[in-house]
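Residue-level structural notes
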Amino acid sequence: EAGVTQFPSHSVIEKGQTVTLRCDPISGHDNLYWYRRVMGKEIKFLLHFVKESKQDESGMPNNRFLAERTGGTYSTLKVQPAELEDSGVYFCASSQDWTGSSYEQYFGPGTRLTVT
Amino acid sequence: DQQVKQNSPSLSVQEGRISILNCDYTNSMFDYFLWYKKYPAEGPTFLISISSIKDKNEDGRFTVFLNKSAKHLSLHIVPSQPGDSAVYFCAASPDSSYKLIFGSGTRLLVRP
């Protein structure tokens, strides 16, 4: 079974540009999450999808970040316009529905974003 | 203010000995706790978890202990192996929410 995949693995953009990160969850997982780790600090929650609906977006830093999950499959996270403080590693995770072990989230390898 | 704290940024142990990683939390509404292991350039990998209704969960060489009154949990690895060298994150899930709140991690080095 394929794990969570993320694309690209690295992205270097200039301040003011736009970047779109993609996440493909484990097949059959209804729950999809985005997290971010900045400067080697703790991993911080950004938002949670259940299928195509945003369940919790309390961690989104501001309206420059837009997440979508078309058809309840893959998800994209767009940053527009990017600022220097957006640099970090963006992780995507997925988990089964509540009848499974929903608390146990499976993470992708992350996208390292560098804004210069 | 960090709700999940890992106060030891690093830990070094000899192969074969016990590794004990600690985690403290402040929110009494947390009802599920997890440990993740992370290698460089990889995403966190789920290791072991514990529900707030339990005080111990064991899986092979890994055991997690939960002390609710002290708002403290620990991960014991015994015996430690060089392949266990990684960054270990403690995470907690608030009641009725699936989001995970992570500590800042502890880097474990197991010396051969």
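Residues numbered from 1 in each chain as written. Chains lettered and ligands numbered in written order. Predicted model: local features only at pLDDT ≥ 70, side-chain atom pairs only at ≥ 80, totals over all residues. Heavy atoms only, no water.

Next up on the list: unusual backbone geometry. The peptide bond linking Phe7 of chain A to Pro8 of chain A adopts the cis configuration, its omega dihedral lying at -5 degrees. In this structure, Pro8 of chain A sits in the loop between strand 1 (5–7) and strand 2 (10–13). For the bond running from Gln80 of chain A to Pro81 of chain A, omega is -10 degrees, close enough to zero to count as cis. If you trace the backbone, Pro81 of chain A turns up in the loop between strand 8 (75–79) and strand 9 (88–95). The backbone of Ala41 of chain B shows a phi angle near 65 degrees, a positive value even though the residue is not glycine. One can find Ala41 of chain B in the loop between strand 4 (30–38) and strand 5 (45–51). In this structure, Lys71 of chain B takes a positive phi of about 50 degrees despite not being glycine. (Helix = DSSP H or I, 4+ residues; strand = E, 2+ residues; numbered from the N terminus.)

Glancing now at the state of the cysteines. All names here are of chain B. According to the stated counting rule, one finds two disulfides over all chains in the structure shown. One disulfide bridge connects Cys23 with Cys90, the sulfur atoms lying 2.0 Å from each other. Negative torsions about the S-S bond denote left-handed disulfides, and the value of about -70 degrees found for Cys23 with Cys90 makes this one left-handed. Of this pair, Cys23 sits in strand 3 (residues 19–25) while Cys90 sits in strand 9 (residues 86–94), placing them 67 residues apart in sequence. An identical accessibility class is assigned to Cys23 and Cys90; each is buried. (Disulfide = S-S within 2.5 Å. Buried < 20%, exposed > 50% of the residue type's maximum accessible area, 1.4 Å probe, protein only.)

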